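Residues per chain, in single letters:
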Amino acid sequence: YLAFIMPHVEGCDPVDRNGNGLFESNSCIQSIKANLLLTFIIHLGTVVVMMCFQLASKWWAERSERRCMEKSGRGSNKYTDVEDQSKRQAYEGDTAYYLELMIQ
């Protein structure tokens, strides 16, 4: 909308940032830049939050299993790499991730 329809429907007003009468660009370009920056920041934040959520859920699953083992009297054994990987979420592939980026 901002790039192709807004200039014809609403028009793009020149922007004078410094107040000296020199117009640097128009409001459509400024809107596109702001929306692109906002999209990048939201995507970056979402990726970081989801990574933290996955680590926390893995930690919680390990903690719950260790407590269950201690209650049953089997003791607290150290996890092997295979057991550690089994607590992680299933890898769905890169297709959904790249498709999301292409849609944005």
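Because the structure is a prediction, the values reported are computed rather than measured.

**Quick look at the pattern of salt bridges**
Piece 1. Applying the stated criterion across every chain yields a total of one salt bridge.
Piece 2. Close ionic contact of Lys58 with Glu62 constitutes a salt bridge, the shortest N to O distance being 2.9 Å. Here Lys58 and its partner Glu62 are both found in helix α2 (residues 27-72), four residues apart, which amounts to about one turn of the helix. Here Lys58 matches Glu62 in class, with each residue buried.

**Some thoughts on the side chain of Glu62**
Piece 1. For Glu62, a relative accessible area of 9% puts it in the buried group.
Piece 2. If sequence neighbours within four positions are ignored, Glu62 has contacts with Tyr79, Asp84 and Lys87.

**What about the packing of aromatic side chains?**
Piece 1. Throughout the structure, instances matching the rule amount to one aromatic pair.
Piece 2. An angle of 55 degrees between the planes, with centres 6.1 Å apart, marks the rings of Trp59 and Trp60 as tilted.
Piece 3. For Trp59, a relative accessible area of 51% gives the class exposed.

Definitions and cut-offs
- Residues numbered from 1 in each chain as written.
- Predicted model: local features only at pLDDT ≥ 70, side-chain atom pairs only at ≥ 80, totals over all residues.
- Heavy atoms only, no water.
- Salt bridge = Lys/Arg side-chain N within 4 Å of Asp/Glu carboxyl O.
- Helix = DSSP H or I, 4+ residues; strand = E, 2+ residues; numbered from the N terminus.
- Buried < 20%, exposed > 50% of the residue type's maximum accessible area, 1.4 Å probe, protein only.
- Contact = heavy atoms within 4.5 Å.
- Phe/Tyr/Trp six-rings, centres within 6.5 Å; stacked < 30°, edge-to-face > 60°.

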